[in-house]
Amino acid sequence: MKVLGIETSCDETGVAVYDTDAGLRAHALYSQIALHAEYGGVVPELASRDHVRKLLPLIRQTLAEAGLATGDLDGVAYTAGPGLVGALLVGAGVARALAWALEVPAIGVHHMEGHLLAPLLENDPQGRPEPPFVALLVSGGHTQLVHVEAIGRYRLLGETLDDAAGEAFDKTAKLMGLPYPGGPQLAALAERSDKLPGHPGAFRFSRPMTDRPGLDFSFSGLKTQVLLAWRNSDQSDETRADIARGFEDAVVETLAIKCGRALDAAGCGTLVVAGGVGANKRLRVRLEEMARERGGRVSFPRPEFCTDNGAMIAFAGALRLQAGQHDDASVRVAPRWDM
Ligand code: KG4
Ligand code: ZN
């Protein structure tokens, strides 16, 4: 079964073809980051318009790379939520219309299920995690710990009560004057602090909600701690890097502590990390250490599948279509949607 996947939930237009026999055939991504940068965040209306401009050319490019014609497709999957409603509607409308014209089924996919299953896109069976596992979803919109008992059977173990981890990275970066999206830049700054002798550890922030049992997170207080530290500092480049290091350490350590607890609670040895923050190098190193200490393992999707992409939607959609599920002809999206 060859399934076209379309992702348009936020500021990335992603398209891919997943073949249930041959695996991922092709994928393409267009990022709108430059478009939104001057506004300091994603402007929903501009995002929708840009998806409209880019989606069909990207579908054509992906099919050409896969060596396929539209007539070869057996189904179309699209992100139906959660996300920006206008942006979602662009992908859903194009997907539904294409499926209608090709007389193949269409399926709306939950964006976070896509992230959750992204590590399973790995071709090498040795490197591919098999459920049951615990997934840490850390993106700009979500921070969740999910027990994946089987594909399609998910149990929420814990989630953030306020800011998502990526959102905390982005907001913290912004308050120290870094351009949008600040997460990766803050991480790069933190690395710079490591190269200055005596600097790492100059700022220590709390590890929120780790002093009591439970698997929920709260990151908004951390942002306030950084704001106070930044305001009361000399605001030099070096201090900015040191604060970035302190902030990153706090987030990484908090995530590592909760992931360890989640593995214990679920009785699992395997942790799977998904979502944009999964690209963070220090988080990767720390979680690997944590898993090793427990005799378990941690699995990350390839960096390009950590952030939003069409491949994860094509894959999650293919599994659902294969199981006989599909949508009716009305186009529905859900800006807010529990998995
Ligand atoms: O999954 P994603 O691409 O989009 C959604 O939010 O759905 O995640 C984007 C988030 C942003 O908040 C971005 O700042 C963060 O992931 N991010 C990082 C890093 N790379 C991306 N945060 C920390 N360190 C990074 N290296
Ligand atoms: Zn995402």
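Residues numbered from 1 in each chain as written. Chains lettered and ligands numbered in written order. Predicted model: local features only at pLDDT ≥ 70, side-chain atom pairs only at ≥ 80, totals over all residues.

Overview of the overall build of the protein
Alright, step 1. In terms of regular secondary structure, the protein is built from eleven helices and ten strands.
Alright, step 2. For 339 residues, the compact-globule estimate of 2.2 N^0.38 gives 20 Å, and the protein sits close to it at 20 Å.
Alright, step 3. Along the first, second and third principal axes, the C-alpha set of the protein runs to 65 × 45 × 30 Å.
Alright, step 4. Out of the 339 residues in the protein, the part that is buried amounts to 52%.
Alright, step 5. Of the contacts formed within the protein by residues at least 6 apart in sequence, a portion of 74% connects residues at least 24 apart. (Helix = DSSP H or I, 4+ residues; strand = E, 2+ residues; numbered from the N terminus. Rg over C-alpha atoms; globule rule 2.2 N^0.38 Å. Buried ≥ 20, exposed ≤ 12 C-beta atoms within 10 Å, placed from the backbone. Contact = placed C-beta atoms within 7 Å.)

Considerations on the pairing of strand β1 (residues 2-7)
Alright, step 1. Of all six residues in β1, six are buried, a share of seventy percent or more.
Alright, step 2. Neither face of β1 is open: one carries K2, L4 and I6, the other V3, G5 and E7, and all of them are buried.
Alright, step 3. Looking at chain direction, β1 and strand β2 (residues 12-19) are connected through six bridges and run antiparallel. Bridge pairing in β2 links G5 to A16.
Alright, step 4. Where β1 folds back on β2, the antiparallel hairpin that results is connected by four residues. (Pairing = 2+ DSSP bridges.)

What about the site of ligand 1?
Alright, step 1. Around ligand 1, the structure places 18 residues, and the nearest of them are G140, G166, G183, G276 and T307.
Alright, step 2. Put simply, the parts of the chain that give the shell around ligand 1 at least two residues each are α5 (165-175) and α6 (182-194).
Alright, step 3. Partitioned by chemical class, the residues of the shell around ligand 1 number seven nonpolar, nine polar and two charged.
Alright, step 4. Residue-level mapping places the shell around ligand 1 at the junction of two domains, with at least three residues from each of domain 1 (2-117 + 306-322) and domain 2 (130-300). (Near = placed C-beta within 6 Å. Nonpolar A, V, L, I, M, F, W, Y, C, P; charged D, E, K, R; others polar. Domains from an automatic or database assignment.)

Comments concerning α5
Alright, step 1. Within α5, eight of the eleven residues are buried, leaving the element largely enclosed by the surrounding structure.
Alright, step 2. Buried within α5 are the following residues: A165, G166, E167, A168, F169, D170, T172 and A173.
Alright, step 3. Buried positions along α5 lie against β6 (133-138), β7 (143-150), α6, α7 (220-231) and α8 (237-266).
Alright, step 4. Looking one or two residues beyond α5, the residue adopting positive phi is G177, at roughly 85°.

Digging into the sheet that holds strand β9 (residues 270-274)
Alright, step 1. Pairing is mixed across the open sheet formed by five strands, whose spatial order is β8-β7-β6-β9-β10. Edge strands, defined here as strands with exactly one partner in the open sheet, are β8 (153-159) and β10 (297-299). Taken over all neighbouring pairs, the strand axes of this sheet differ in orientation by 25° on average, direction set aside.
Alright, step 2. Across six bridges, β7 lies against β8 in antiparallel orientation. Along β8, the bridge assignment pairs V148 with Y154.
Alright, step 3. Against the sheet, helix α9 (residues 281-293) engages β9 and β10, with an angle of about 145° to β10. (Axes fitted to C-alpha atoms, helices over the stretch in contact; angles between N-to-C directions.)

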